[in-house]
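For reference, the chains in residue letters:
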Amino acid sequence: MGKDDVKLMTMWASPFCMRVKVALAEKEIAYEEIQENDLLTCKSDLLLKSNPVHKQVPVLFHDDKPICESTNIITYLDEAFPAKPLFPECAYGRSRARFWADYIDCKVHPAGRAIWSTKEKDEVEAAKNNFLEIMKYLAGTLGDKDYFNGDKFGFVDILLIGLTTWFPAYEKYGDFKLEDHYPKLAAWITRSWARETVSESLTSPEKITNLVIMLRKMHGLE
């Protein structure tokens, strides 16, 4: 499979783009990366044409056909390129993976954003508590396993690990450490980041935190 067959439109800070890059790396699919540099003020014509509904990255192109939305893209990749599967083998396992995918997509990033996007102490505290409550259920389903599907890094791990690049910013402005509340979940993050497919696909948390600092200044929160 050559790079001409698969292209990925990304933006460096998007955790949703990062998770697709991890999936591509895990499945050893070569691709060409197309960077969107300014999603705030100037979205490219290619992005607007390829994803006219949400106008957001990531967009995957397979044989010039656009596939949008990160979870949908990763599901597509697992179906279109069945080698090195990311989903569990059994139907029940796949159903649980889809359940937790929806939970992660609906809750984690919006809850984290709520922590750093205000300077009101009461709002920060409420947002932090909500984020930790969300993490409680993820820590519970992880349990004592190495990964969410047991001993194999897979679909749910990929969806969540991309979001963790933003976690240090949440901790900074929420004044907490995830490890203090859910040490096994924190250990999972460390274990996952040790994978080359992850570490080479994700933007450094320090760079993301610096972006958050800049965004807070732009919005008068610093």
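Residues numbered from 1 in each chain as written. Predicted model: local features only at pLDDT ≥ 70, side-chain atom pairs only at ≥ 80, totals over all residues. Heavy atoms only, no water.

Asks: What am I meant to see in the overall build of the protein here?
Replies: Counting its regular elements, the protein contains eleven helices and four strands. Its C-alpha atoms give the protein a radius of gyration of 17 Å, within 12% of the compact-globule value 17 Å for 222 residues. Dimensions of the protein, computed from C-alpha atoms along their principal axes, come out at roughly 50 × 45 × 30 Å. Buried residues in the protein amount to 50% of all 222 residues. For the protein, the proportion of contacts with a sequence separation of at least 24, taken over those separated by at least 6, is 69%. Entry remark: accessible area of the protein is about 11,300 Å², with carbon and sulfur atoms responsible for 51%. Taking the average place of the 29 positive charges on the side chains of the protein and the average place of its 34 negative ones, the gap between the two points comes to 2 Å. (Helix = DSSP H or I, 4+ residues; strand = E, 2+ residues; numbered from the N terminus. Rg over C-alpha atoms; globule rule 2.2 N^0.38 Å. Buried < 20%, exposed > 50% of the residue type's maximum accessible area, 1.4 Å probe, protein only. Contact = heavy atoms within 4.5 Å. Areas by Shrake-Rupley, 256 points an atom, 1.4 Å probe, with all protein chains shown as cover. Lys, Arg positive; Asp, Glu negative; His and termini not counted. Charge placed at Lys NZ, Arg CZ, Asp CG, Glu CD.)

Asks: Would you take a moment to explain the pattern of salt bridges for this structure?
Replies: What the rule picks out here adds up to eleven salt bridges. In this structure, Arg 195 engages Glu 26 in a salt bridge whose closest nitrogen and oxygen atoms are separated by 3.1 Å. Separated by 169 residues along the polypeptide, Arg 195 in the loop between α9 (183-193) and α10 (196-199) and Glu 26 in helix α1 (residues 15-26) bring together distant segments of the chain. Asp 78 is the partner of Lys 27 in a salt bridge, and the nearest nitrogen-oxygen pair spans 2.8 Å. Of the two residues, Lys 27 is situated in the loop between α1 and β2 (32-35) and Asp 78 in helix α3 (residues 70-80); the sequence distance between them amounts to 51 residues. Look at Asp 78 and you get buried, because its relative accessible area is 11%. (Salt bridge = Lys/Arg side-chain N within 4 Å of Asp/Glu carboxyl O.)

Asks: Can you walk me through the packing of helix α5 (residues 121-142) against helix α7 (residues 167-174) in this structure?
Replies: Each packed pair of helices is defined by two parameters, the angle between the axes and the distance between the axes. Following both chains from N to C, one finds α5 and α7 inclined at 140°, their axes separated by 10 Å at the closest point. With respect to each other, α5 and α7 are oriented oblique. Relative to α7, the crossing made by α5 is left-handed. Along the contact surface, α5 presents Val 124, Lys 128, Phe 131 and Met 135, while α7 presents Phe 167, Tyr 170, Tyr 173 and Gly 174. For the contact of α5 with α7, the per-class residue count stands at six nonpolar, one polar and one charged. (Axes fitted to C-alpha atoms, helices over the stretch in contact; angles between N-to-C directions. Parallel < 35°, antiparallel > 145°, perpendicular 65-115°, else oblique. Left-handed = near helix turned anticlockwise from the far one by under 90°. Nonpolar A, V, L, I, M, F, W, Y, C, P; charged D, E, K, R; others polar.)

Asks: Sorry if this is basic, but what is going on with the layout of surface pockets here?
Replies: Unoccupied space between atoms shows up once a probe the size of one water molecule is rolled over them. There is about 260 Å³ of room inside the second largest pocket. Around the second largest pocket, the lining residues are Thr 164, Phe 167, Pro 168, Glu 171, Lys 177, Leu 178, Glu 179, Ala 186, Ile 189, Thr 190, Trp 193 and Pro 205. Those elements that place two or more of their residues in the lining of the second largest pocket are α7, α8 (178-181) and α9. Sorting elements by how many residues they give to the lining of the second largest pocket places α9 first, with four residues. For the lining of the second largest pocket, the per-class residue count stands at seven nonpolar, two polar and three charged. (1 Å grid on protein atoms, 1.4 Å probe; cavity = no way out; pocket = protein on both sides within 12 Å on 5 of 7 lines; lining within 4 Å. Points joined across faces, edges and corners; volume = space filled by probe spheres on them.)

Asks: Sorry, what's going on with unusual backbone geometry here?
Replies: Excluding glycine, a negative phi dihedral is what most residues carry, and trans is how most peptide bonds are arranged. Between Val 57 and the following residue, Pro 58, the backbone shows a cis peptide bond with an omega angle of 5°. Summarising the element assignment, Pro 58 is placed in the loop between α2 (45-50) and β3 (59-62). A positive phi angle, close to 55°, is found at Glu 28, a residue other than glycine. Checked against the element boundaries, Glu 28 lands in the loop between α1 and β2. Taking the relative accessible area as the measure of exposure, Glu 28 reaches 61% and is therefore exposed.

Asks: What should I look at first to understand the packing of aromatic side chains in this one?
Replies: The geometry of an aromatic ring pair is captured by two quantities: the separation of the ring centres and the angle between the planes. With the rule as written, the count across this model stands at ten aromatic pairs. Between the aromatic rings of Phe 131 and Phe 176, the centroid separation amounts to 6.0 Å while the plane-to-plane angle is 50°, which identifies the pairing as tilted. Remark: Phe 176 occurs in the loop between α7 and α8 and Phe 131 occurs in helix α5; sequence separation between them is 45 residues. One exposure class covers both Phe 131 and Phe 176, and it is buried. Chaining the aromatic ring pairs together yields one cluster made of Phe 131, Phe 167, Tyr 170 and Phe 176. For Lys 172, the ring lying beneath its charged end belongs to Tyr 173, and the centroid distance is 5.4 Å. (Phe/Tyr/Trp six-rings, centres within 6.5 Å; stacked < 30°, edge-to-face > 60°. Lys NZ or Arg CZ within 6 Å of the ring centre and 35° of its normal.)

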